[in-house]
Every structure is written in structure tokens, then in C-alpha cells.
Amino acid sequence: MIDLNHGSGWLYGAVAPRPPIAEAVSAAIDSALTARNRSERPRSYVSSSGLGRDCLRQIQYDFLGLPKDEGQEFPPKTLRIFEAGHRAEDIVAGWFRIAGFDLRTARADGRQFGFEALGGRFKGHIDGCLVSGPVAMDYPALWENKALGASSWKDVVKRGVSIARPVYAAQIALYQAYLDLPNPALFTALNRDTMEMHSELVPFDAHLAQDMSDRAVAVVRASEAGEWLPRTAAERTAVVCRGGMAAGKWHAPCTWAIRCWGEQP
Ligand code: SF4
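Residues numbered from 1 in each chain as written. Predicted model: local features only at pLDDT ≥ 70, side-chain atom pairs only at ≥ 80, totals over all residues. Heavy atoms only, no water.

Brief notes about the overall build of the chain
As a reminder, the rule being used: Put simply, DSSP marks the helices as runs of H or I at least four residues long and the strands as runs of E at least two long, and each gets a number from the N terminus on. Per-residue accessibility, obtained with a 1.4 Å probe over protein chains only, is compared with the maximum for each type, and a residue is labelled buried under 20%, exposed over 50%, and partly exposed between these values. Residue contacts are counted whenever heavy atoms from the two residues lie within 4.5 Å of one another. For every accessible area listed, the method is Shrake-Rupley and the probe measures 1.4 Å; residues are considered covered only by the protein chains on display.
What the chain contains, in helices and strands, is nine helices and 10 strands. Seen through its C-alpha atoms, the chain measures out along the principal axes to roughly 70 × 55 × 40 Å. Sorting the 265 residues of the chain into buried and exposed places 38% on the buried side. Considering only intrachain contacts with a sequence separation of at least 6, the fraction spanning at least 24 residues in the chain is 65%. By element, 56% of the accessible surface of the chain is carried by carbon and sulfur atoms, the whole surface being about 15,200 Å².

Next comes the structure, spelled out in C-alpha cells:
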């Protein structure tokens, strides 16, 4: 119970101090997660998951594996969120299966289904493919799942994934094209806070898939030629660089902004 008597030391609105054991456990786990993340080799290919970002220069930095700006590494909390999101796929896949869907998520050898193009310099891995199920829809259908925080989840429910999260829509279109799954994809979003589930069908957008594929080619070709692709912004203060909402679209802060604007080689 809160002691509100004068002299109790309680400050309304103040965050309660964390007990030493909480600090110690979090510190141990966080440093292990950070070390594991640093030890992972940077990707050496254009990933379909980020191709829908606005800025080609940013995608190129990512492809080239250039170090992020100082202090722009993912903090431990974000690493935990990423891992929880990844594992949420297995949870949701299990729910599909007990509901009677035939959902394929991996090959016989345990590897994810996916595609490779441009000699392995452009790749994508799908969450799964629904082959049949108790719900009337066209099979086989690509399955793509995301675990989202409450406000992102509500935005996706309200506006649909293609408008609320075009980066995901681009990823879906690419998978449909490269894995030859032209039926509408089933996109599911799990609310990380409430465990509510949203599902929607995403028709195949061939133009979007072609655009994204062309972007991948542009990133690889320019990098091979030692050329920089254009920045999407005219100045560093643009929302796409510093992060935030612009024209109803969310942009994560760019982790190469210092490099990009010439303050780092
Ligand atoms: S800082 Fe802005 S212009 Fe530069 S790569 Fe990042 S998003 Fe693109």
C-alpha cells in the first residue's frame, strides 16, 4: 500500500526505485544480448524486409553493411522486442495449426522458405504458406505475420497494412512474386500488449513487386559500380532522416544520418 503520510518519502508520479536484483538481472541479460548482436555478421544482401523504406541511400548503407552512427546500435530493449516478435511467429503458427490450417513454415531440413536473386545479393524469407484450412479463401496463400505494439496494431487494424505499414506491403508483394503465390496473402498482426489478432487478405500488387525488385537491382548495381544512390531528403532535419510521422507514414530514425550528411567518413 502506498504510504501518503507526510514524511513517508512517497512522491506522487515518481518512478519507484528498482530493487537491486531487478537491476542486476536486466544488466546481465542486456549485456549478453548486446554482445550477441555485435557478434552477428552484417547482412551481405538486400533484404526484402527493408526494401519498402523511402530512401535508397539508406537501403544501400544497409546492403553494404556500413557501421551505424555512434550510439545508433539497437538498445537491448529493442533487441528483446525483435526476438519476441520473431518467436511470436511460432506461437501464431501453432494457433493456425490447432485451428486446422495446413501451414508450411519450413522445409524438411528446417530451413525457412524463401528466394534468392542477383546471385544471392537479394534475398527474402517468408513466414509461411497456407496450403489449406477451415476458412474460405484462396489457397495456397502466403502468410506473413508481425507482432506489433498496441498503437501500431491499432493503426494497421484501422487503415489496413498497405496504407499503415507500406514497408510490410512491399515485402508481401515481393514474396508473392518470387515464390509464385499470386493469391491474396493472409497478413496477421498480433498485438504484443493484448494478444489480440488482426487478419486481412492482401491482393497481389504486381506493380509494387516490380518496383521493389527494380529497387533491389538499383542498390546492387550502384554498389558494384561504386556509386551512391540519391538521398530521399534534401536536408538532415527531414522526417525520413530524424524519424517520425509524415503524411500518415511512420519513419524510424535513420541510423546512418551522421555518415550520410558528411560528418563521418
Ligand atoms: S539520413 Fe536521410 S537521406 Fe541519408 S540515408 Fe538516412 S534517410 Fe536517407
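Some words on the site of the ligand
Note the threshold: Nearness of a residue to a molecule or strand requires only that one of the residue's heavy atoms be within 4 Å of it. Side-chain classes are defined by residue name, with Ala, Val, Leu, Ile, Met, Phe, Trp, Tyr, Cys and Pro counting as nonpolar, Asp, Glu, Lys and Arg as charged, and the others, Gly among them, as polar.
Every residue lining the ligand is accounted for by C55, R57, Q58, Y61, R231, V240, C241, C254, A257, C260 and W261. Elements that contribute at least two residues to the shell around the ligand include exactly helix 2 (56-64), helix 8 (239-242) and helix 9 (257-260). Of all the elements, helix 2 adds the most residues to the shell around the ligand, at three residues. Residue composition of the shell around the ligand, grouped by class: eight nonpolar, one polar and two charged.

Observations regarding the nonpolar core
Our working rule: Only buried residues count toward a nonpolar core, which is a set of Ala, Val, Leu, Ile, Met, Phe, Trp, Tyr and Cys residues joined through side-chain atoms within 4.5 Å.
Judged by nonpolar contacts, the single largest core of 37 residues is most densely connected at V46, L51, F122, L142, F187 and V219. For this core, the elements supplying multiple residues, two or more each, are helix 2, strand 3 (114-117), strand 6 (141-148), helix 4 (150-159), helix 5 (161-164), helix 6 (166-178), strand 7 (185-191) and helix 7 (206-224). Not counting residues up to four positions away in its chain, the partners in contact with V46 are L51, I59, F63, R121, F122, K123, A216, V219 and V220. Residues A88, F96, L130 and M137 belong to the second largest nonpolar core, which totals 13 residues.

Focus: the packing of aromatic side chains
Rules: Between rings of Phe, Tyr and Trp, where Trp is taken as its six-membered ring, a pair exists when centres lie within 6.5 Å; planes separated by under 30 degrees are stacked, by over 60 edge-to-face, and by other angles tilted. Geometrically, a charge over a ring is one whose NZ (Lys) or CZ (Arg) sits within 6 Å of the ring centre while staying within 35 degrees of the ring normal.
If you walk through the whole model with that rule in mind, you get 10 aromatic pairs. Ring geometry for F115 against F122: centres 5.2 Å apart, planes inclined by 80°, an arrangement best described as edge-to-face. Residue class for F115 comes out buried when judged on its relative accessible area of 8%. Looking at F122, the relative accessible area reads 0%, which means it is buried. Ring geometry for F115 against Y175: centres 6.4 Å apart, planes inclined by 65°, an arrangement best described as edge-to-face. Of the two residues, F115 sits in strand 3 while Y175 sits in helix 6, which places them 60 residues apart along the sequence. Three or more aromatic residues joined by ring pairs form one cluster here, namely F115, F122, Y175 and Y178. Of note, R43 hangs over the ring of Y45, and the distance from its end group to the ring centre comes to 5.9 Å. In this structure, R231 packs its charged tip against the face of W261, placed 4.4 Å from the ring centre.

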